[in-house]
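Coordinates in review
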Amino acid sequence: PEQWVGTLWSDVLAQFMVVTTTTNKPIGRVLLYHPNFQDRNAYFAAMRFDLSDRSPLMMYGIALFLRYVFTNWDLEKLYMEVPEYNYEQFASGHKRFFEIEGRLHDHLRTGPRAWDQLILAIYRDQAQRESARVRLDFGARSALTKEPDTRERAWQTISWETFVGEVATIAEVS
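What comes next concerns the included structure. Note that the structure is predicted; figures quoted are calculated from it, not measured. (Residues numbered from 1 in each chain as written. Predicted model: local features only at pLDDT ≥ 70, side-chain atom pairs only at ≥ 80, totals over all residues. Heavy atoms only, no water.)

Thoughts on the pairing of strand β6 (residues 113-123)
Within β6, 9 of the 11 residues are buried, leaving the element largely enclosed by the surrounding structure. The pairing of strand β5 (residues 99-110) with β6 spans 8 bridges and is antiparallel. Looking across to β6, one finds that Leu-104 is bridged to Gln-117. Remark: 2 residues form the turn of the hairpin made by β5 and β6, two consecutive strands paired antiparallel; Gly-111 in that turn has positive phi of roughly 60 degrees. (Buried < 20%, exposed > 50% of the residue type's maximum accessible area, 1.4 Å probe, protein only. Helix = DSSP H or I, 4+ residues; strand = E, 2+ residues; numbered from the N terminus. Pairing = 2+ DSSP bridges.)

Here's the deal with the sheet that holds strand β3 (residues 41-48)
The sheet built from 6 strands is open, its strands ordered β1-β2-β3-β4-β6-β5 with mixed pairing. Every interior strand has two partners, whereas the edge strands, β1 (12-19) and β5, have only one. For this sheet, the mean inter-axis angle between neighbouring strands, taken without regard to orientation, is 25 degrees. Taken together, the 7 bridges between β1 and strand β2 (residues 26-36) define a ladder with antiparallel strand orientation. The partner of Ala-14 across the bridge, within β2, is Leu-32. Those strands touched by helix α2 (residues 57-72) are β1, β2, β3, β4 (77-83) and β6, and its axis lies near 25 degrees from that of β2. (Axes fitted to C-alpha atoms, helices over the stretch in contact; angles between N-to-C directions. Contact = heavy atoms within 4.5 Å.)

As for the pattern of salt bridges
Taken as a whole and judged by the stated rule, the model has 7 salt bridges. The salt bridge involving Glu-76 is made with Arg-40; its shortest N-O contact spans 2.7 Å. Of this pair, Glu-76 sits in the loop between α2 and β4 while Arg-40 sits in the loop between β2 and β3, and the two are 36 residues apart along the sequence. You can call Arg-40 partly exposed: its relative accessible area is 29%. For Arg-103, the salt bridge goes to Asp-116, with nearest N and O atoms at 2.8 Å. Of this pair, Arg-103 sits in strand β5 while Asp-116 sits in strand β6, and the two are 13 residues apart along the sequence. What makes Asp-116 buried here is its relative accessible area of 8%. A single salt-bridge network, built from bridges that share partners, covers Arg-40, Asp-74, Glu-76 and Arg-124. (Salt bridge = Lys/Arg side-chain N within 4 Å of Asp/Glu carboxyl O.)

Listed below in structure tokens is the structure:
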């Protein structure tokens, strides 16, 4: 049992639970792992526990987490390893939120079927540019805009207390 607990944090730099606004029920998990500070990249993962839940809270949790990561560490790129069969769920974000950097052909097996493993990348500048859609930096919480904000944006390190306060505001908890 002790080994299993250790693997939950092995090579993990940060991880958070995303919870619902009214019941504090966990809806997902976000994590940053395998950081390479020399080359300024790391791996990012997000898991939604209930695939039938279509609320935007998981996306808000991801947006807050990415902001937290890019403001607190000097990382330029986050990689995601995505099985080909999961890609369709968020393919609409291609070119806007992430790029496809690689494809490992027939890398994964499900029974007799082989699937590709996609290597996606979220770039700091792309995340910064697109974060204008989720207006976290200018005080408007959990409001999706129709047009991106064109004002100059500077990502600044925020305190843990500020980050927790923003999460609480979005989750509508105190």
